[in-house]
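Residues per chain, in single letters:
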Amino acid sequence: MRKRILGIAAMAAASAIVLAGCGGGGGEDPAADVDFGSEPTGTLKAWGFENADDVGTSRMDHAAEQLSDVEVDLDATAFDAQKFTTRVASGNVPDVVQMDRRYVTTYAAQNLIMPLDACFEAQDVSPRDHWYPFVVDDVTYDDEIWAVPQFYQPPAILVNKKVLAEAGVTVEEIDTSQPDVLLGAIEKMYQESGGVPSRLGFDPVATGQSGLWILGMGGQLNDEEGAPTLDDPSNIAGVEMLKQITDAQGGFASVKSFTDSFDTFGDNNQFVANQVGAQVNAQWYPNVLSPYMDQIDIEAVPFRNSEGEPFSVASGTAFVIPVGAENPAAACAWMINLTSDDAWNAAGEARGETRAAEGGINTGLFTGSPSADQAIREEWVTESGNAGFDQVISTYYDVVEYGQSFGSSPAGQEIQNELNNAVTAALLGDKTPEEALADAQSAAMRAYENATAG
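Residues numbered from 1 in each chain as written. Predicted model: local features only at pLDDT ≥ 70, side-chain atom pairs only at ≥ 80, totals over all residues. Heavy atoms only, no water.

Trainee: It is not clear to me how the overall build of the protein chain should be interpreted in this structure. Could you clarify?
Mentor: Each helix and strand counted, the protein chain has 19 helices and 14 strands in total. Compactness check: the protein chain gives a C-alpha radius of gyration of 22 Å against a globular reference of 22 Å for 454 residues, within 12% of the reference. Considered along the principal axes of its C-alpha atoms, the protein chain spans approximately 65 × 55 × 40 Å. Per-residue burial for the protein chain yields a buried fraction of 56% across its 454 residues. At a minimum sequence separation of 6, the contacts of the protein chain that also span at least 24 residues come to 80%. Carbon and sulfur atoms provide 45% of the accessible area of the protein chain, an area that totals close to 18100 Å². A distance of 6 Å separates the average location of the 22 positive side-chain charges in the protein chain from that of its 69 negative side-chain charges. (Helix = DSSP H or I, 4+ residues; strand = E, 2+ residues; numbered from the N terminus. Rg over C-alpha atoms; globule rule 2.2 N^0.38 Å. Buried < 20%, exposed > 50% of the residue type's maximum accessible area, 1.4 Å probe, protein only. Contact = heavy atoms within 4.5 Å. Areas by Shrake-Rupley, 256 points an atom, 1.4 Å probe, with all protein chains shown as cover. Lys, Arg positive; Asp, Glu negative; His and termini not counted. Charge placed at Lys NZ, Arg CZ, Asp CG, Glu CD.)

Here you go:
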């Protein structure tokens, strides 16, 4: 990894030290009496493993080989937040739960899950060495780590070179750190019919990627203690830039209606149909486009922050151990084995075999662990014969090290929801950015106070 990652690691480690909240550490340590180092045996109940694919099943097979004395009872239904709290309250809890990382700190603050520092120590794992530090930041609260993270699929900007060439726009003009240049490129590419968009110059995915725009333009979603900061003046720049982009293309309502009509996963997707010149997309989306590589001409550029540097945000899922779990020692060992480099190598092999059987381009796996990412890339990501797709894959690997956590907060999911509400209201013109963010802050703060009341 480049020197950049070392700088991020140092800052992340420092920020973890000063994290302090009124939850999590406010009561007796729920893991105080757990011996995570004991021999893993018995039945292990796991929940939240819906629709496991070749990557998931190969890792579970690997973990089963390592833990031959553990019998896994797998509940393959999707995680449900309301169901989780109900199960913990009733004492009917599984040993491991898979969930989005935005939920983890909420449950940590409410003492519904166990801190895992002792688990990592027992398994001889150094979290900030094994995972990207900003991925660990997602699940760090009150100076403790509360989950075993997995996956980090960074966003970047996919560029439709056919549309750019037709409009006389260069790839270099798709630069989020230069709003005037970007808006000029958008104006050249945008097309409408009867006041209705027929082609977007740039789809910023305003609500789906709102956190990327706010943080990338210098904002912050919560403070060091996890309290929401949606009304911070630094957040206005990201909202205003999104409004400029959507206003230049018929307004947010028209843009949203148009993008909702995209055949995103189909044969007439927005790149095949030339409905976009550029679009923010997570790393997984090139997999959707790979069957159409002979019909499209794409490249990728990094999302750039206000300083002109590549910028990304971490997101993904994680494993937690609920308070009251009957077999926490086996849970600890199983989670660590699922996210080990050997498990990810097995997943890389499984995905390679899938691609060999079904065709398509191997775009790699973005695991949340730098060593696993690199090993899979070296072994399984080969030249596809399509220079554009190869450049896209390389760009996502380049931006992965420039990540930042959304922020760890007991109100993490509510902060995201209220931010999306605020961005929507501001882009529609129903409220000024200041008014929208102030209202979002009030709602998010209520959620934060409720989450930390105990």
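What follows continues from the structure just given.
Trainee: I would appreciate a short explanation of the pattern of salt bridges in the present structure.
Mentor: Pairing between side chains of opposite charge can happen when the charged atoms of each approach one another. Under the counting rule described, the total for this entry stands at 10 salt bridges. As a salt-bridge pair, E166 and R199 come within 3.1 Å of each other at their nearest N and O atoms. Of the two residues, E166 is situated in helix α8 (residues 161-167) and R199 in strand β9 (residues 196-199); the sequence distance between them amounts to 33 residues. A salt bridge links K431 to D439, with the shortest nitrogen-to-oxygen separation between them at 2.8 Å. You can call K431 partly exposed: its relative accessible area is 32%. Residue D439 is classed as partly exposed on the basis of its relative accessible area of 41%. Counted as one network, the salt bridges with shared partners bring together D53, D54 and R351. (Salt bridge = Lys/Arg side-chain N within 4 Å of Asp/Glu carboxyl O.)

Trainee: It is not clear to me how the state of the cysteines should be interpreted in this structure. Could you clarify?
Mentor: Simply put, the disulfide is a covalent bond whose two ends are the sulfur atoms of two cysteines. What the rule picks out here adds up to one disulfide. Residue C119 pairs covalently with C332 via a disulfide, S to S 2.1 Å. Residues C119 and C332 are joined through a disulfide that is right-handed, its torsion about the S-S bond being 95°. You can see C119 sitting in helix α5 (residues 117-122) and its partner C332 sitting in helix α14 (residues 328-338), a full 213 residues away along the chain. Given the relative accessible area of 0%, C119 is considered buried. The buried category is assigned to C332, whose relative accessible area is 0%. (Disulfide = S-S within 2.5 Å.)

Trainee: Is there a simple way to explain the sheet that holds strand β13 (residues 317-320) in this structure?
Mentor: The strands that make up a sheet are held in pairs by hydrogen bonds between backbone atoms, and each pair lies either parallel or antiparallel. Pairing in this open sheet of five strands is mixed, and the strands run β2-β1-β3-β13-β6 from one edge to the other. If you trace the sheet from one side to the other, it starts and ends with β2 (70-75) and β6 (148-150), each paired once. Strand-to-strand twist across the sheet, computed as the mean angle between neighbouring axes with direction ignored, equals 25°. Pairing of strand β1 (residues 42-47) with strand β3 (residues 96-100), which is carried by two bridges, proceeds in the parallel orientation. Note that in β3 the partner of W47 across the bridge is V97. (Pairing = 2+ DSSP bridges. Axes fitted to C-alpha atoms, helices over the stretch in contact; angles between N-to-C directions.)

Trainee: Mind showing me how you'd approach the sheet that holds strand β11 (residues 298-301) here?
Mentor: Pairing is antiparallel across the open sheet formed by three strands, whose spatial order is β10-β7-β11. The sheet is open, and its two borders are formed by β10 (278-282) and β11, each paired with just one other strand. Ignoring strand direction, the axes of neighbouring strands in this sheet form an average angle of 35°. Sheet analysis places strand β7 (residues 155-160) next to β10, joined by five bridges and oriented antiparallel. Residue pairing in the sheet places L158 in a bridge with Q279 of β10. Across the face of the sheet, helix α17 (residues 387-399) comes into contact with β7, β10 and β11 while running at roughly 15° to β11.

Trainee: Explain helix α19 (residues 433-451) here, please?
Mentor: Turn by turn, an α-helix covers 3.6 residues, leaving residues three or four places apart pointing in a common direction. Its 19 residues give α19 an end-to-end C-alpha distance of 26 Å, which sits within 8% of 27 Å, the value for a rise of 1.5 Å per residue. Turning to α19, its buried residues number three or more, namely P433, A436, L437, A440, Q441, A443, A444, A447, Y448 and A451. Check the buried side of α19 and you find it contacts α4 (104-109), α11 (236-247) and α18 (412-428). (Expected span 1.5 Å × (residues − 1).)

Trainee: Is there a simple way to explain the packing of helix α15 (residues 341-358) against helix α16 (residues 370-380) in this structure?
Mentor: Packing of α15 against α16 brings their axes to within 9 Å, and their N-to-C directions diverge by 30°. Considering the angle they form, α15 stands roughly parallel to α16. In this structure, the crossing between α15 and α16 has a hand that is right-handed. Here α15 contributes D341, W344, N345, G348, E349 and G352 to the contact with α16, which in turn contributes S371, A372, A375, I376 and W380. (Parallel < 35°, antiparallel > 145°, perpendicular 65-115°, else oblique. Left-handed = near helix turned anticlockwise from the far one by under 90°.)

Trainee: Where do I start with α11 in this structure?
Mentor: Between its first and last C-alpha, α11 extends 16 Å over 12 residues, near the 16 Å set by a 1.5 Å rise per residue. Lining the buried residues of α11 we find α9 (179-189), α10 (210-216), α12 (252-260), α18 and α19.

Trainee: Any chance you could explain the packing of α11 against α19 here in plain terms?
Mentor: Helix packing geometry: the angle between the two helix axes and the distance between the axes. Running from amino to carboxyl end, α11 crosses α19 at an angle of 125°, the nearest separation of the two axes being 10 Å. Relative to α19, the element α11 is oriented oblique. Classified by chirality, the crossing of α19 by α11 is right-handed. On α19, the residues touching I236, V239 and E240 of α11 are P433, E434 and L437. Partitioning the contact of α11 with α19 into residue classes produces four nonpolar, no polar and two charged. (Nonpolar A, V, L, I, M, F, W, Y, C, P; charged D, E, K, R; others polar.)

Trainee: Is there a simple way to think about the pairing of β1 in this case?
Mentor: Pairing geometry for β1 and β2, over six bridges, is parallel. Along β2, the bridge assignment pairs W47 with D75. Following the chain from β1 across helix α2 (residues 54-66) to the adjacent parallel β2, one finds a crossover that is right-handed. (Right-handed = clockwise from strand over helix to strand, strands pointing away.)

Honestly, it's all geometry; don't read function into it.
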